[in-house]
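# Structural description and commentary
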Amino acid sequence: MADFRVGRARFRLPLSALAPGLLALAALAGCSALPAPSVQAEAPQTNRAGVPLPETVLAQSDLTPDSDIRHGRLANGMFYAIRQNGTPASTAEVRLVFDAGSLDETDRQRGWAHYVEHMAFNGSTNVPEGEMVPLLEREGLAFGADTNASTSFENTSYRLSLPQSDPALLDTALMLMREVAGELQFDQGAVDRERGVLLAERRDRDNYQLEEALDRYGFETPGARYVERWAGGTVATLEAADGAGLKDFWAGHYRPENTALIVVGDIDPDAVETAIKARFADWSDGSPPPAPRDYGSVEFDRGAAEDIHIHPALSERLTVFRVAPAQNEADDSAERREAVLRQIGYDAINRRLKSLAREADAPFRSAGFGTGNVFRMARVTRLVVDSVDGQWERGLIAATSEYRRAMEQGFTRAEIAEQLAELDERYEQAAAGEATRSNEFFVNRISRWISEGRVPTTGPEAAERYFAMRDEITPDAIMEALQEEAVPLDENALIRFRGRSEPEDGGPALRAAWEEALAAPLPEQAREEAQDFAYTDFGMPGDVVADEIEPIFGIRTIRFANNVRLNLKHTDINKDVIFVRMTLSGGRLLESREDPLAVELASRIPAGGLGAHDADQLETILAGKRVSFNFSAGTDAFTSTGSTRPDDLAMQLQLMAALITDPGWRAEPVARFRGMLPDYFARLKATPSSTFASEAGAIMSDDDPRFSQQPIDAYRALDFAQLRQIMQPVFDNAPIEIAIVGDIDEDRAIDLVAKTLGALPRREASFTPDAAALARSFTERRGTVVLRHQGEATQALVQKIWPTRDDSDAMLNTRMEILERMVRIALTDELRERLGQAYSPSASNAMSSIYPGYGSFTIRAQVDADAIAAADQALTATIAKLRDGPISQDLLDRAREPYMASFDNMLKSNQGWLALADRAQSEADRLARTAAIRERAEAVTVEALQADARRWLPEGGALTFFVLPEGVPSPISIDPPLAPATASP
């Protein structure tokens with residue numbers, strides 16, 4: 001659905017599956033021209049969305065594209081783009097994208113574009129129904145994670161993430177994509193079998209959030225067709241779909257000239273191009289081209305109007321907006337210059353709004369201002385205000401004042417300097433990191449070129465262009481560019497309110513508040529002197545007392561005299577990228593039955609700033625620095641994790657040291673926490689999943705408060721005074737272990753840690769939690785518990801949980817992880833593919849590394865409320881087959897190969913190295929255990945897995961949950977009470 005991105009000041013509809021996320025730097029720009037494309041067939045100069053074709057985009061622009069992208073168009077009209085890239089090494093990404101989506105459907109075809117996407121996995125000329133996914137699983141691709149597809153308003157995209165980029169697997173991937181493009185069968189039996197999956201997916205996604213989004217679309221652009229073209233379609237049109245109709249839609253829209261194929265990875269471009277031509281050159285379309293895409297219309301001269309949308313689970317939000325024609329400028333250096341100026345303007349206004357939200361008595365929880373396109377039809381400028389219940393008017397007046405002050409009085413040089421510092425860092429990083437960007441990054445770069453007409457420029461070119469214009473960036477130039485795009489929010493603006501209760505006097509009250517906000521006198525611009533960072537000296541640098549290289553992964557392990565541990569690993573994976581993690585022992589093990597929320601507020605500590613700088617001052621001080629300032633409570637430790645660069649590593653470590661030596665403990669974050677509690681609790685029973693998450697813990701733990709949802713008043717009672725008493729001993733004495741991985745100079749990193757965390761007073765060498773903190777048990781209760789949600793009347797959830805044990809037996813844990821994948825495949829084959837009851841049944845193995853003896857194995861499926869008993873029987877029968885019947889070697893291979901592929905690729909990312917290094921000293925035994933994963937996996941047999949299933953997933957051994965809508969009869973004779981949790985026969 002729509003995504004509001006304050007940072008880029010863009011309000012973007014899901015215009016294309018080609019551009020997930022639309023990374024801000026994905027199109028920062030190159031140095032030499034792309035190779036000349038191959039001979040092209042005659043084709044229109046734009047795609048179906050009106051965007052110029054990729055070749056035309058380049059011909060019409062003065063920007064220099066990425067010279068490493070090889071592109072061409074086959075004689076049949078199919079476009080392709082290939083880029084060699086070595087990050088992650090020996091992997092590849094393959095995308096096949098069709099210029100066809102839900103906007104291409106007629107009224108009777110609603111949902112059919114998505115139906116066709118599903119049918120791509122259900123039988124083609126050379127791949128029988130049900131064989132595509134198993135074929136890929138045997139090659140190491142997990143369904144969902146590595147093999148997937150998506151349908152948007154304008155596009156349908158198919159994705160294969162190849163764990164190895166060897167020629168054989170690439171050829172298999174291209175073969176399968178060719179099957180999707182021109183060989184699908186649409187057997188009526190297969191269509192009928194898949195229908196239930198489509199209906200299940202539609203049911204699962206149909207909730208209060210979708211309802212709110214569709215209402216918003218309808219009010220903003222009532223004449224636009226996308227408002228009634230959600231990809232899920234309608235129940236009636238899905239039930240009416242047949243093989244012949246779906247095939248006609250596919251044949252008319254899956255045409256060579258509507259298709260782009262993208263291959264990025266550790267590949268030989270010559271070989272890939274040859275393979276593409278061999279696979280796709282004979283593809284031709286035999287159907288007439290589809291009618292031009294109808295986007296509907298947008299009324300630009302609408303008068304003032306208001307809309308109110310109420311739902312018990314919605315937080316309070318007020319949006320003021322105006323609509324104007326889209327500008328659709330061609331992508332060239334002049335437009336990129338204007339885009340930089342506009343971005344600075346939007347970011348400066350949003351920075352002001354963030355400052356207001358941080359105040360002690362903040363007028364709103366958050367607010368944002370920005371402009372974005374609705375396809376190529378219109379642009380919408382919005383001021384969005386999220387407020388505490390009942391405070392919408394105060395929030396609107398405050399946010400409007402800041403918006404007006406910026407637009408009428410302009411920007412100060414100080415606030416523009418802060419934004420420029422941020423941009424300096426981003427462009428420097430874009431230039432430095434170009435050679436080690438990920439495959440996904442380059443796929444996005446190419447995708448934006450195809451779907452949005454954005455020239456695929458490179459990071460170095462973009463940085464050169466930015467720094468060449470930097471001296472011309474003035475407050476006046478920024479305002480001129482901003483006013484050129486932003487639609488004025490005046491007395492004719494449209495106003496939309498959403499929340500749990502309607503404002504008193506409804507629409508007239510909204511209009512009156514807006515008029516008051518427009519007429520209110522503007523305050524003077526506050527001026528605050530810039531500060532220097534106050535935390536650069538932590539005393540005498542610490543001495544290194546131990547320095548070794550562990551033999552398995554080559555992690556350098558350091559111990560300082562104060563017992564602070566440091567683990568280092570240099571990698572060349574990403575240029576100028578460093579990951580840092582500080583771990584302090586304790587975490588939620590410091591909570592108890594008597595005080596189950598003891599560290600609940602721990603993650604809010606950074607929002608209180610530091611003793612010498614509040615959070616807002618700190619943001620200004622850190623502008624232009626690539627550092628992170630966060631803190632979180634895990635089960636057995638607190639962590640602070642940052643991504644930085646060599647030039648900022650010292651600042652990152654200073655921040656971490658300052659966080660634990662002089663946290664600000666200001667009250668504002670606690671007030672914001674309390675303000676969001678009504679929203680959080682209003683959503684607890686809004687869906688089956690949220691209901692289960694909030695209520696099942698108490699039942700599974702026999703009401704252990706540590707694992708049970710506490711009442712709202714318990715959260716309201718929390719404050720920093722209570723948390724400080726708990727955290728001060730942690731900050732002063734708890735063991736610290738630091739991991740630094742990436743593009744590092746190891747000796748310099750040691751020196752910087754010595755001057756910061758290594759310089760602190762001596763700390764404890766180890767942490768021993770109380771025995772009571774480690775005690776965790778699974779209820780003896782069995783049978784079925786019924787929970788009730790307040791969401792859609794058709795939605796239900798069935799979840800079955802077996803107690804297991806901890807993960808101390810490495811071989812058993814490996815087998816259980818593979819068993820989890822086997823169960824997931826078996827559930828998908830049964831509940832999704834054969835029965836059509838569930839869209840995404842799942843399984844999970846959770847054997848604790850912290851709580852001795854504790855673990856669980858879970859299976860679940862979201863189903864129709866009327867089918868919950870049948871789904872429960874199917875879940876039970878599926879486990880019984882694995883437990884009692886023979887397990888095929890093929891099923892084991894389909895589960896094991898993706899598992900081993902994920903291990904093989906784990907250390908091809910800095911995040912993987914960070915996870916390995918973060919406790920390389922305190923949990924050194926886990927290094928050898930990790931290294932042996934493949935060996936253990938290869939030793940797993942079907943006989944051992946079946947024995948594990950019999951032992952850990954016995955008949956009658958699960959605690960079953962049915963989560964049903966309120967008022968829907970339960971399929972079991974009694975709705976058991978939630979408490980007390982007693983054993984069931």
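Going by the structure above, here's the rest.
The following paragraphs examine the structure supplied in this document. All values derive from a computational prediction rather than experimental measurement.

## Considering the packing of aromatic side chains
Considering all chains together, one arrives at 30 aromatic pairs under this definition. With centroids separated by 5.5 Å and ring planes inclined at 10°, the aromatic side chains of F631 and F638 adopt a geometry described as stacked. The pair formed by F631 and F638 is uniform in burial state, with each residue classed as buried. Measuring from centroid to centroid gives 5.9 Å for F707 and Y851, while their planes differ by 85°, and the two rings are edge-to-face. With F707 in the loop between helix 20 (688–700) and helix 21 (712–716) and Y851 in the loop between strand 23 (842–847) and strand 24 (855–864), the pair connects residues that are 144 residues apart, well separated along the chain. Judged by its relative accessible area of 18%, F707 is buried. The class of Y851 is buried, set by a relative accessible area of 7%. By way of ring pairs, the aromatic residues F98, F121, F143, Y158 and Y254 are connected into one cluster. Taking the ring centre of F442 as reference, the NZ or CZ of R83 above it sits at 3.8 Å.

## Quick word on helix 12 (residues 413–432)
Given a rise of 1.5 Å per residue, 20 residues ought to cover 28 Å, and the 28 Å separating the end C-alpha atoms of helix 12 matches this to within 8%. The elements touched by buried residues of helix 12 are helix 10 (333–357), helix 14 (459–469), helix 15 (475–485) and helix 17 (615–621).

## Some remarks on the sheet that holds strand 6 (residues 147–151)
Taken in spatial order, the 6 strands line up as 3-4-8-5-7-6 in an open sheet, and their pairing is mixed. A strand with exactly one partner marks an edge of an open sheet, and here the two such strands are strand 3 (69–73) and strand 6. Strand-to-strand twist in this sheet, taken as the mean axis angle between neighbours without regard to direction, amounts to 10°. Relative to strand 8 (residues 259–265), strand 4 (residues 79–84) is paired through 6 bridges, and the arrangement is parallel. Across the sheet, residue I82 finds its bridge partner in strand 8, namely V263. Across the sheet, helix 2 (residues 112–119) is in contact with strand 6 and strand 7 (156–162); its angle to strand 6 comes to roughly 165°.

## Observations concerning the packing of helix 25 (residues 810–834) against helix 27 (residues 889–904)
For the pair helix 25 and helix 27, the least separation of the axes is 9 Å and the interaxial angle reads 125°. With respect to each other, helix 25 and helix 27 are oriented oblique. Judged by the twist between their axes, the crossing of helix 25 over helix 27 is right-handed. Note on element contacts: helix 27 touches helix 25 through L891, L892, R894, A895, R896, P898, Y899 and S902, opposite T814, E817, I818, R821, M822, I825 and D829.

## Focus on helix 10
Helix length check: helix 10, at 25 residues, gives a terminal C-alpha distance of 36 Å against a target of 36 Å (1.5 Å per residue), a fit within 8%. Counting buried positions along helix 10 yields 18 of 25 residues, so the element is predominantly enclosed. Sitting at the amino-terminal end of helix 10 is D332, which places a side-chain oxygen 3.3 Å from the backbone nitrogen of A334.

## Focus on the pattern of salt bridges
Tallied over the full model, the rule gives 92 salt bridges. Put simply, E93 and R95 hold a salt bridge, and the shortest N to O gap is 2.6 Å. The same class applies to E93 and to R95, which are both buried. Of the charged contacts in the structure, one is a salt bridge between R445 and E434, with a shortest N-O distance of 2.8 Å. Residue R445 is located in helix 13 (residues 439–452), and its partner E434 is located in the loop between helix 12 and helix 13; the two are separated by 11 residues in the primary sequence. Classification of E434 as buried rests on a relative accessible area of 10%. Among the ionic contacts, a cluster of salt bridges with common partners joins E212, D215, R216, D307, R496 and R498.

## Looking at the nonpolar core
One finds M727 and I740 to be the most contacted residues of the largest nonpolar core, which totals 59 residues. It is helix 18 (residues 649–661) that contributes the most residues to this core, 9 residues altogether. Those residues in contact with M727 that lie beyond four places of it in its chain are V599, I605, F631, F638 and W665. Membership of the second largest hydrophobic core comes to 52 residues, among which are M78, L96, L169 and A241.

## A look at the environment of F219
If you trace the backbone, F219 turns up in helix 6 (residues 208–220). Judged by relative accessible area, which is 10%, F219 ranks as buried. When sequence neighbours within four positions are dropped, the list of residues in contact with F219 reads R302, A305, E306, D307, F321, L494, I495 and R496.

## A few points about the side chain of E137
Note on placement: E137 falls in helix 3 (residues 132–138). For E137, the residues in contact, after removing those within four places along its chain, are F143, I825, D893, R894, E897 and P898.

## Quick look at the environment of D703
Structurally, D703 can be placed in the loop between helix 20 and helix 21. Classification of D703 by relative accessible area gives partly exposed; the value is 38%. Distance in space between the C-alpha atoms of D703 and T474 is 61 Å, their sequence separation being 229 residues.

## Some thoughts on the pairing of strand 8
With respect to burial, strand 8 is a largely interior element, 7 of its 7 residues being buried. By the alternation rule, side chains of strand 8 split into T259, L261, V263 and G265 and A260, I262 and V264, which are all buried. Here strand 5 (residues 92–98) runs beside strand 8; their pairing, made up of 7 bridges, is antiparallel. Across the sheet, A92 pairs through a bridge with G265, a residue of strand 8.

Rules used throughout
- Residues numbered from 1 in each chain as written.
- Predicted model: local features only at pLDDT ≥ 70, side-chain atom pairs only at ≥ 80, totals over all residues.
- Heavy atoms only, no water.
- Phe/Tyr/Trp six-rings, centres within 6.5 Å; stacked < 30°, edge-to-face > 60°.
- Buried < 20%, exposed > 50% of the residue type's maximum accessible area, 1.4 Å probe, protein only.
- Helix = DSSP H or I, 4+ residues; strand = E, 2+ residues; numbered from the N terminus.
- Lys NZ or Arg CZ within 6 Å of the ring centre and 35° of its normal.
- Expected span 1.5 Å × (residues − 1).
- Contact = heavy atoms within 4.5 Å.
- Pairing = 2+ DSSP bridges.
- Axes fitted to C-alpha atoms, helices over the stretch in contact; angles between N-to-C directions.
- Parallel < 35°, antiparallel > 145°, perpendicular 65-115°, else oblique.
- Left-handed = near helix turned anticlockwise from the far one by under 90°.
- Polar contact = N/O pair within 3.5 Å; in protein donor to acceptor, adjacent residues only side chain to side chain.
- Salt bridge = Lys/Arg side-chain N within 4 Å of Asp/Glu carboxyl O.
- Core = buried A, V, L, I, M, F, W, Y, C linked by side-chain atoms within 4.5 Å.

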